Amino acid sequence: MSDTVKISWSGGKDSTAATLLHLEAGHICKIVNFVPMLTQDIPLIRKDHYDFIRKAASRFESAGGVVYQAIGMTYWDHVHRIKVRGKYKGRPYGAGLGLGFCGFRDRVKIYALDHVVVGPYDYQDIGIASDEIRRHGQLTEDKRSILVEHGITEQQALAMCEEAGLLSPIYRSTGRDGGAICPNAKREEFLQWLNDWPGAYEILMEIEEYCKSLGGEHERFTPYRHYMWWSDRIAGRC
């Protein structure tokens, strides 16, 4: 009997290559995608990557896969969300950002991917390449990676996607598929995201002012503060 696999698919090269391999193997593919959102109407990813995800989803479904959209909290709602337990109970989460850290990913994306209802499956593929050694600790009997099992590296995964015509255009510039306000995002990615989605800058500034009003660590780590060294270029957008 063919494997039934729940695939966590971001639209990045590794999870896309994993999906291609599962489809090629004849597995029953339940492909789960999560698009981080600033608000209900504005994605936190570049428009070219957003459009690519929709195109790739159509390709996967034509090949026999079923694509599910995981719905999670928006970044706007996450910033204003009140903590209900722990030392800081009753306080808002705020930006949830730090140097090299994104609490939004940990609290929203992973939860949404894990809790979307797709019915029974044998195991989940979390799209880790064989040379991402630091991430291999995430692998278990229930959370596997066909890339690791086949010895496929990040570069080989990229080549597979390119050959299949399913390589996101983000790899021509940024080389990553995370959110545009992530601390690891490149300058060009952030600026392109602002240009792609009208209204994003104004909403980001509202979040900025809200975080500043909270004071303390919230004032230190705000979405815009990560990009203050770009302020001369961005200020003209007010």
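Just above, that's the structure.
Residues numbered from 1 in each chain as written. Predicted model: local features only at pLDDT ≥ 70, side-chain atom pairs only at ≥ 80, totals over all residues. Heavy atoms only, no water.

> Any chance you could break down the pairing of strand 3 (residues 66–70) for me, citing the residues and the numbers?
With 5 bridges joining them, strand 2 (residues 28–34) and strand 3 adopt parallel strand pairing. Residue pairing across strands places Phe 34 opposite Ala 70, the latter belonging to strand 3. (Pairing = 2+ DSSP bridges. Helix = DSSP H or I, 4+ residues; strand = E, 2+ residues; numbered from the N terminus.)

> Talk me through the layout of surface pockets; I want residue IDs and the actual numbers.
What the second largest pocket holds in volume is close to 290 Å³. Lining the second largest pocket we find 20 residues, and of these Val 35, Met 37, Gln 69, Ala 70 and Ile 71 sit closest to its centre. Secondary-structure elements contributing two or more residues to the lining of the second largest pocket are strand 2, helix 2 (47–62) and strand 3. Looking at the lining of the second largest pocket, its residues break down into 13 nonpolar, 6 polar and 1 charged. (1 Å grid on protein atoms, 1.4 Å probe; cavity = no way out; pocket = protein on both sides within 12 Å on 5 of 7 lines; lining within 4 Å. Points joined across faces, edges and corners; volume = space filled by probe spheres on them. Nonpolar A, V, L, I, M, F, W, Y, C, P; charged D, E, K, R; others polar.)

> So what about the pairing of strand 2? Which residues, and what values?
Extensive coverage of strand 2 is indicated by the burial of 6 of its 7 residues. The pairing of strand 1 (residues 4–9) with strand 2 spans 6 bridges and is parallel. Its bridge partner being in strand 2, Trp 9 is matched across the sheet by Asn 33. Handedness of the crossover joining strand 1 and strand 2 through helix 1 (residues 13–24): right-handed. (Buried < 20%, exposed > 50% of the residue type's maximum accessible area, 1.4 Å probe, protein only. Right-handed = clockwise from strand over helix to strand, strands pointing away.)

> Describe in detail the packing of aromatic side chains, supporting the description with residues and values.
All told, the structure shown has 3 aromatic pairs when counted by the stated rule. With centroids separated by 5.1 Å and ring planes inclined at 75°, the aromatic side chains of Trp 9 and Phe 60 adopt a geometry described as edge-to-face. Of this pair, Trp 9 sits in strand 1 while Phe 60 sits in helix 2; the two residues are 51 residues apart in sequence, bridging distant segments of the chain. Classification of Trp 9 by relative accessible area gives buried; the value is 2%. For Phe 60, a relative accessible area of 1% corresponds to the buried category. (Phe/Tyr/Trp six-rings, centres within 6.5 Å; stacked < 30°, edge-to-face > 60°.)

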